[in-house]
Amino acid sequence: MAQNLTSLEHLIQILEKFPGIGRKTAQRMAFYILQMDSEGIYALAQSIKDVHEKIVHCSVCCNITETDTCPICSDEKRKSSPIIVVEDPIDVMALQKIKEMKYRYHILHGRLSPLDGIGPKDIRIKELFARITENNDIPEIILATNPNVEGEATAVYLHKILKPFEIPVTRIARGLPVGGDLEFSDEITLSESIRGRRAIR
Amino acid sequence: MSRIAKTEAISLKNVSLSGASRYIIALTRDFGKVTLVAKGIKKPKSRFGACLEPFVLSEVLFYHKENRETHYISHCDIIESFSNLRRDLEKIRFAAASVSVIDKVIDHEEKNSVLFDLVFSILTELNRSEESQLFILYLAFLTKLAALLGFQPILDRCLRCGALAEERTHPYFSIVEGGLICSGCEIVASKDRINYKRITPEIREILYQFLTEKFYKNKRRILTDSSLEQLHILLKMYLEYHTDKRIPPISESYLII
Ligand SMILES: [Zn+2]
Ligand SMILES: [Zn+2]
């Protein structure tokens, strides 16, 4: 920037770091913030400060929450229900769409990634281990990491290390999406759907 | 100007973008390393399905724009899925290490179909080989890669006096000059520990095999773990010196807790 606008430039640089935000969009956002009134600015700043200060990780499931333990873990109706293991808090939001049955969750906050050098110590596997060791009300563990290379590696690994607990460990079904069509499916998806076939109930 | 291009591609890496899209860093047969954008790929009903997962060989159609760093993919089909590379944690490590090296040392959009074949071969070998062979296959891949990039080491004679490997022992390897130093000339080498590395006859022999034989022959030879590790360090230093890029480490084994 030609003029002496260090503070504006600083704001643009911060906004630019957001996922999917390029330089141009960051500039537009910064200029929008610049013309906001004081009330709006304080509300924005306060809400950013709030998420930073109020949101913690649940000591049981590692999900983001404002109360420890989180509402899902303290829900009596979910006691003794299966635990679904997911990569990120946003996956829990997606899974909460399921209304027919109540589950509990464990959030790994990441996935094993040999491509990025992310190993078991870098995600919340230790916490899952501790939870299973300390509780004997877990009927099943459902691995719901994403069905891609990294999510798959994470599931294979978890399956291996959870074996000694003798709790059923299952993997979410992979294959054709509901409403999809065989004709347009690729080889990997088709092979997964045949391997993961089940009897009609 | 944009035209639709069709080529074989091996996905090296995926980078998540906002929304449901991803960048795919891929090595292609006809355009070298390219960055492709797959819109909506994270949606379960995406038409890309699993075609652009790392290590998968696909035929891709994309809009090739000159002077642009990224290109939009319009369609792709799997040619070879290398399914074992996704199911076996040890295989994933070495497949990831191999494609990461390519991602690091290869510049964008420089066509090199021999390199493409090399990457295809290493993935094929890792996919079908036993666990005990994976490390040595990876080392053979690094050696072949060095040769392909123009740094083929000289392994049959001394760089100084030309004494042949059969005539004399060659206890040193020069990282800078890329070749052997014989026992007669080793006085030079012993003074410069950074350039000259000690090398055993066993390691010299295996390097020679890597350069002259195909992957499937290399597989038969077994080195001790410490020789493998020495060779790994040597190859890493050698490639890093000549490419001026850092060779990514092989990720830790997940099987040791
Ligand atoms: Zn919780
Ligand atoms: Zn000599």
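Use the structure listed above.
Residues numbered from 1 in each chain as written. Chains lettered and ligands numbered in written order. Predicted model: local features only at pLDDT ≥ 70, side-chain atom pairs only at ≥ 80, totals over all residues. Heavy atoms only, no water.

Colleague: For this particular structure, what's the right way to read the overall build of chain A?
Modeller: A count of helices and strands for chain A gives 7 helices and 6 strands. Expected size for 201 residues packed as a compact globule is a radius of gyration near 17 Å; at 22 Å, chain A overshoots this value by more than 25%. Each principal axis of the C-alpha atoms in chain A carries an extent, and together these give about 70 × 45 × 35 Å. The buried share of chain A, reckoned over its 201 residues, is 33%. When the 26 basic and 28 acidic side-chain charges of chain A are each reduced to a single mean position, those positions are 3 Å apart. (Helix = DSSP H or I, 4+ residues; strand = E, 2+ residues; numbered from the N terminus. Rg over C-alpha atoms; globule rule 2.2 N^0.38 Å. Buried < 20%, exposed > 50% of the residue type's maximum accessible area, 1.4 Å probe, protein only. Lys, Arg positive; Asp, Glu negative; His and termini not counted. Charge placed at Lys NZ, Arg CZ, Asp CG, Glu CD.)

Colleague: What is the right way to look at the interface of chain A and chain B in this model?
Modeller: Facing 29 residues of chain A, the contacting portion of chain B comprises 30 residues. Surface buried jointly by chain A and chain B totals about 2,200 Å² across both partners, of which 65% is contributed by carbon and sulfur atoms. Taken together, the connections running from chain A to chain B amount to 1 salt bridge. Note that Lys 121 of chain A and Glu 252 of chain B form a salt bridge whose closest N and O atoms lie 3.8 Å from each other. For the interface between chain A and chain B, the tally reads 4 residue pairs in polar contact (both at pLDDT 80 or more). At the level of secondary structure, the elements contributing two or more residues to the side of chain A that touches chain B comprise α6 (149-162) and α7 (187-195) of chain A. For the side of chain A that touches chain B, the element with the most residues is α6 of chain A, which contributes 7 residues. Among the residues making up the side of chain A that touches chain B, the classes are represented as 14 nonpolar, 7 polar and 8 charged. (Contact = heavy atoms within 4.5 Å. Buried area = accessible area lost by both parts, 1.4 Å probe. Salt bridge = Lys/Arg side-chain N within 4 Å of Asp/Glu carboxyl O. Polar contact = N/O pair within 3.5 Å; in protein donor to acceptor, adjacent residues only side chain to side chain. Nonpolar A, V, L, I, M, F, W, Y, C, P; charged D, E, K, R; others polar.)

Colleague: Please explain the environment of Pro 120 of chain A as it appears in this structure.
Modeller: Note on placement: Pro 120 of chain A falls in the loop between β4 (104-107) and α5 (125-134). Not counting residues up to four positions away in its chain, the partners in contact with Pro 120 of chain A are Leu 112, Ile 125 and Tyr 157 of chain A together with Tyr 254 of chain B.

Colleague: Before we go on, may I ask you to explain the coordination of the zinc ion (ligand 1) in this structure?
Modeller: Reference values for angles at a metal are 109.5 degrees in the four-donor tetrahedral case and 90 or 180 degrees in the six-donor octahedral case. Residues and elements named next belong to chain A. Ligation of the zinc ion (ligand 1) by protein atoms is provided by Cys 58 (SG), Cys 61 (SG), Cys 70 (SG) and Cys 73 (SG), these donors lying 2.2 to 2.3 Å from the ion. Coordination at the zinc ion (ligand 1) is tetrahedral: its 4 donor atoms span angles of 104 to 117 degrees at the metal. All donors of the zinc ion (ligand 1) come from a single chain, and their spacing in sequence reads C-x2-C-x8-C-x2-C. By relative accessible area, which is 2% here, Cys 70 ends up buried. (Donors = N, O, S within 2.8 Å, 3.2 Å for Na, K, Ca; no water. Tetrahedral: all angles 85-135°; square planar, octahedral: opposite > 155°, others 65-115°.)

Colleague: Sorry, what's going on with the coordination of the zinc ion (ligand 2) here?
Modeller: Residues and elements named next belong to chain B. Donor atoms from the polypeptide that coordinate the zinc ion (ligand 2) comprise Cys 158 (SG), Cys 161 (SG), Cys 182 (SG) and Cys 185 (SG), at 2.3 Å from the metal. Bound by 4 donor atoms, the zinc ion (ligand 2) shows angles of 104 to 114 degrees at the metal and therefore tetrahedral coordination geometry. When the donor residues of the zinc ion (ligand 2) are listed from N- to C-terminus, their spacing reads C-x2-C-x20-C-x2-C. Of this pair, Cys 158 sits in strand β6 (residues 154-158) while Cys 182 sits in the loop between β8 (179-181) and α5 (186-191), and the two are 24 residues apart along the sequence. What makes Cys 158 buried here is its relative accessible area of 2%. The class for Cys 182 is buried, based on a relative accessible area of 0%.

Colleague: Explain unusual backbone geometry here, please?
Modeller: Excluding glycine, residues mostly have negative phi values, and the peptide bonds linking residues are mostly trans. A cis amide bond, omega 0 degrees, links Asp 68 of chain A with the succeeding residue Thr 69 of chain A. Mapped onto the elements, Thr 69 of chain A comes out in the loop between β2 (64-65) and β3 (83-86). You will see that Phe 82 of chain B, though not glycine, has its phi angle at about 45 degrees, which is positive. Looking at where Phe 82 of chain B falls in the secondary structure, it is placed in the loop between β5 (70-80) and α1 (84-87). Positioned with a positive phi, Asp 244 of chain B is a non-glycine residue whose angle comes to about 60 degrees. Checked against the element boundaries, Asp 244 of chain B lands in the segment after α8 (225-243). Residue class for Asp 244 of chain B comes out exposed when judged on its relative accessible area of 68%.

Colleague: Looking at this structure, how should I read the nonpolar core?
Modeller: Grouped burial of nonpolar side chains is what soluble globular proteins tend to show. Grouped together as the largest cluster of nonpolar side chains are 57 residues, with contacts concentrated most on Ile 102, Leu 123, Tyr 138, Leu 139, Leu 207 and Leu 231 of chain B. Of all the secondary structure elements, the ones that give two or more residues to this core are β1 (2-16), β2 (22-28), α2 (89-105), α3 (113-128), α4 (134-148), α6 (201-212) and α8 of chain B. For this core, the element with the highest residue contribution is α4 of chain B, accounting for 11 residues. Residue contacts for Leu 231 of chain B: discarding those within four places in its chain leaves Leu 139, Ile 203, Ile 206, Leu 207, Phe 210 and Leu 223 of chain B. If you look at the next biggest cluster of nonpolar residues, it comprises 22 residues, including Leu 112, Ala 155, Tyr 157 and Val 169 of chain A. (Core = buried A, V, L, I, M, F, W, Y, C linked by side-chain atoms within 4.5 Å.)

Colleague: Teacher, can you tell me more about helix α2 (residues 23-34) of chain A here?
Modeller: Along an α-helix, residues three or four positions apart point the same way, because every turn accommodates 3.6 residues. Residue and element names in this part refer to chain A. Between its terminal C-alpha atoms α2 stretches 16 Å, which fits the 16 Å expected from 12 residues at 1.5 Å a residue. Within α2, the full set of buried residues consists of Ala 26, Ala 30 and Ile 33. Down the axis of α2, the buried set is contained in an arc of 60 degrees. They therefore lie on one face. Residues of α2 that are exposed and angled more than 90 degrees away from the buried face: Lys 24, Arg 28 and Tyr 32. (Expected span 1.5 Å × (residues − 1). Arc of directions from axis to C-beta.)

Colleague: Honestly, the packing of aromatic side chains in this entry has me stumped. Any pointers?
Modeller: Two aromatic rings, taken as a pair, are described by how far apart their centres are and by the angle between their planes. All names here are of chain B. Applying the stated criterion across every chain, the model contains 7 aromatic pairs over all chains. Aromatic pair Phe 82 and Phe 120: ring centres 5.8 Å apart, planes at 55 degrees, arrangement tilted. Taken together, the residues span a long stretch of sequence, with Phe 82 in the loop between β5 and α1 and Phe 120 in helix α3 at a distance of 38 residues. The exposure class assigned to Phe 82 is buried, which follows from its relative accessible area of 1%. For Phe 120, a relative accessible area of 31% puts it in the partly exposed group. An aromatic cluster is defined as three or more aromatic residues linked by ring pairs; in this entry it consists of Phe 94, Phe 135, Tyr 138 and Phe 141. Sitting over the face of the ring of Phe 215, Lys 144 holds its NZ or CZ atom 5.3 Å from the ring centroid. (Phe/Tyr/Trp six-rings, centres within 6.5 Å; stacked < 30°, edge-to-face > 60°. Lys NZ or Arg CZ within 6 Å of the ring centre and 35° of its normal.)

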